[in-house]
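Survey of secondary and tertiary structure
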There are 2 protein chains.
Amino acid sequence: MSVKQRKLRELEARRGLILTTAKDLFIKNGFGAVTLDDIAAAVEFSKGTIYNHFCSKEEIYAWILLEHLDILLSYLREAARAGRATAEKLGNATKAYVRLYREHREYFKLLFFIDVVSDQDRIPEGLRREIRHRKIACLLELQAILKDGIRSGKIGGGRPAAQVAMVLWGMLNGIIQLAESRQVHENDLDRLIAVGFEIALAGLKNPAS
Amino acid sequence: MSVKQRKLRELEARRGLILTTAKDLFIKNGFGAVTLDDIAAAVEFSKGTIYNHFCSKEEIYAWILLEHLDILLSYLREAARAGRATAEKLGNATKAYVRLYREHREYFKLLFFIDVVSDQDRIPEGLRREIRHRKIACLLELQAILKDGIRSGKIGGGRPAAQVAMVLWGMLNGIIQLAESRQVHENDLDRLIAVGFEIALAGLKNPAS
DNA sequence: AATATTTATGACCAGCAGTCAACAAATAAC
DNA sequence: GTTATTTGTTGACTGCTGGTCATAAATATT
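Residues numbered from 1 in each chain as written. Chains lettered and ligands numbered in written order. Predicted model: local features only at pLDDT ≥ 70, side-chain atom pairs only at ≥ 80, totals over all residues.

This paragraph deals with the overall build of chain A. Helix and strand content of chain A: nine helices and zero strands. Starting at the N terminus, the α and β elements of chain A follow one another as α-α-α-α-α-α-α-α-α. Projecting the C-alpha coordinates of chain A onto the three principal axes gives extents of approximately 60 × 45 × 30 Å. For chain A, with 209 residues in total, the buried portion stands at 39%. (Helix = DSSP H or I, 4+ residues; strand = E, 2+ residues; numbered from the N terminus. Buried ≥ 20, exposed ≤ 12 C-beta atoms within 10 Å, placed from the backbone.)

Structure below.
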């Protein structure tokens, strides 16, 4: 009985080791530059063993992405809880997002990477759904803040909160991507985010025209 | 004398053929799924000949990207010229962007792809600079509209036009990417863009707080 | 016609993700 | 304690791809 449990623990541990090792490599060198042999060498297991846990390089990446989305989600929740006024909550949320970006630069490439390039078929459907769900959860978090703002009159009504949340989310992503594509100097990112935030907030104060 | 010119014309024609063929393939199947042998077979030249014109698969892609950015730029210029009021001009510009997206779905993946994944080193520095310049030109077009709006008082001052342009550009990109990642249903994209646009415009009416 | 130069070719190479038959270790059965 | 069975590990191997290069073909020059 406990043998089985131990085995399961070991398996789980091995899995975790592969994931954290791969994450470090991906973050350091980028997804494309890391080979499975690199990962295998780093975890000191053979390539075959890795494929015993994951069915493709992309799946490994997807699990890492999921982890990061969980972190982002927790940041957002914290942000929503910490603030009082709606503006403050939204500000916290943006800051949380930018903080995650700063702390995990390379990961953001991966975040965009999945939508744009990765061969989606190489990622199991269930995992893909899980990732979608996390993104939706992040959006819902934003949405909750917005709805609260509408209720308390800080934010003008007439715009579906879901749509506004997506707009804000898109804006954040878009601006960060500008920075990532070196269209914007790293230093100006905060300034740019602040401007975007200020415009959006000003626009949201009044009801939809 | 005219022999040389003919040769040059032929070379140019060959180049163009490779580019348009590759473009069709990329758009139909995506960058990753197209092999150089596919391209070679489609243009009915050997792979070696292709490498006589381009130094990497990425470079081919980059030239296509450049072409598309030129189209976008012309769309934006037209939009700015066509509108009267600032709001109308901005609206036209957004519509132009979304139109390009609708007409060249797959290309947008490529647009994001370059920033995120592509091994930049595989693209000659000069070409890379050219691409950067086109993007900046697009931003400048937006900026011009905004400055005009500030001058005529339709848009509140206090915000550097360059930054606002980047925010708008980022917002557009971000929202389109949401659609592309199937977070948003294709049908809702127009609605979402409209909401974003409305919020931004409302926010811009008043001077920076 | 002979020679030089330019251009096209496709067999070839290296690197990679992913496979699998053989093997080793742990566990179960007797 | 010995054998059978299950489970997990391995790394040589495959197939595919971007990219190269010696050779061949075409063209230009004399």
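Don't stop here, the text continues.
Each of the two chain copies can be brought onto the other by rotation about an axis and movement along it. With an RMSD of 0.1 Å, the operation that places chain A on chain B is a rotation of 180 degrees combined with a shift of 0.0 Å along the axis. Within this description, the copies of the chain are treated as partners about a two-fold rotation axis. A shared binding surface is used by both copies, with 100% of the interface residues of chain A retained as interface residues in chain B. (Least-squares fit on C-alpha atoms with pLDDT ≥ 70 in both. Contact = placed C-beta atoms within 7 Å.)

Attention now moves to the protein's contact with DNA strand C. Around DNA strand C sit 18 residues in total, of which Thr35(A), Gly48(A), Ser56(A), Ser46(B) and Gly48(B) are the nearest. Elements supplying a minimum of two residues to the surface near DNA strand C: helix H2 (36-43) and helix H3 (47-53) of chain A together with helix H1 (2-29) and helix H3 (47-53) of chain B. With four residues, the top contributor of residues to the surface near DNA strand C is H3(B). Of the residues belonging to the surface near DNA strand C, the class tally is four nonpolar, seven polar and seven charged. (Near = placed C-beta within 6 Å. Nonpolar A, V, L, I, M, F, W, Y, C, P; charged D, E, K, R; others polar.)

Ranked by size, the top nonpolar core spans 124 residues in total, and within it Val167(A), Leu168(A), Ile175(A), Leu110(B), Val167(B), Leu168(B) and Ile175(B) carry the most contacts. Not counting residues within four places of it along the chain, the set of residues in contact with Leu168(B) comprises Leu142(B) and Ala200(B). (Core = buried A, V, L, I, M, F, W, Y, C linked by C-beta atoms within 7 Å.)

Now for the interface of chain A and chain B. Listed as interface residues are 39 residues of chain A and, on the opposing side, 39 residues of chain B. Elements with a minimum of two residues in the side of chain A that touches chain B: helix H6 (105-116), helix H8 (161-180) and helix H9 (189-205) of chain A. No other element matches the 13 residues that H8(A) contributes to the side of chain A that touches chain B. Of the residues in the side of chain A that touches chain B, the class split is 19 nonpolar, twelve polar and eight charged.

In this section: the protein's contact with DNA strand D. Near DNA strand D, the surroundings consist of 19 residues, among which Ser46(A), Gly48(A), Thr35(B), Gly48(B) and Ser56(B) are the closest. Every element with two or more residues in the surface near DNA strand D is listed here: helix H1 (2-29) and H3 of chain A together with helix H2 (36-43) and H3 of chain B. Here the residues of the surface near DNA strand D sort into five nonpolar, seven polar and seven charged.

Quick look at the packing of helix H4 (residues 57-82) of chain B against helix H7 (residues 125-151) of chain B now. Residue and element names in this part refer to chain B. At a closest axis distance of 10 Å, the pairing of H4 and H7 adopts a crossing angle of 15 degrees. By the criterion of interaxial angle, the relationship of H4 to H7 is roughly parallel. Here H4 and H7 pass one another in a crossing that is left-handed. For the pair H4 and H7, contact is made by Glu-59, Ala-62, Leu-65, Leu-66, Leu-69, Asp-70, Leu-72, Leu-73, Leu-76, Arg-77 and Ala-80 and by Leu-127, Glu-130, Ile-131, Arg-134, Lys-135, Ala-137, Cys-138, Glu-141, Ala-144 and Ile-145, respectively. (Axes fitted to C-alpha atoms, helices over the stretch in contact; angles between N-to-C directions. Parallel < 35°, antiparallel > 145°, perpendicular 65-115°, else oblique. Left-handed = near helix turned anticlockwise from the far one by under 90°.)

Right, let's talk about helix H8 (residues 161-180) of chain B for a bit. Residue and element names in this part refer to chain B. Between its terminal C-alpha atoms H8 stretches 28 Å, which fits the 28 Å expected from 20 residues at 1.5 Å a residue. Here H8 lies mainly inside the structure; 17 of its 20 residues are buried. Positive backbone phi, at 60 degrees, marks Arg-182, one or two positions downstream of H8. (Expected span 1.5 Å × (residues − 1).)

This part is about the packing of helix H5 (residues 86-103) of chain A against H9(A). Residues and elements named next belong to chain A. Two elements in contact, H5 and H9, have axes whose closest approach is 11 Å; the angle formed by their N-to-C orientations is 150 degrees. Taken together, H5 and H9 sit at an angle that is classed as roughly antiparallel. Between H5 and H9 the crossing geometry is right-handed. Only Ile-193, Phe-197 and Leu-201 of H9 make contact with H5, whose side of the interface consists of Ala-87, Leu-90, Gly-91, Thr-94 and Val-98.

A few words now on unusual backbone geometry. Residue and element names in this part refer to chain A. In the Ramachandran plot, Glu-44 falls in the positive-phi region, its phi being about 60 degrees despite a non-glycine side chain. Looking at the secondary structure, you find Glu-44 in the loop between H2 and H3. For Glu-44, a count of 9 C-beta atoms within 10 Å translates into the label exposed.

All names here are of chain A. Positionally, Glu-58 belongs in helix H4 (residues 57-82). Overall, Glu-58 belongs to the buried group, with 22 C-beta atoms counted inside 10 Å. Spatially, the C-alpha atom of Glu-58 lies 29 Å from that of Lys-95, the residues being 37 residues apart in sequence. Each residue touching Glu-58, except ones within four places of it in the same chain, is listed here: Ser-118, Asp-119, Arg-122 and Ile-123.

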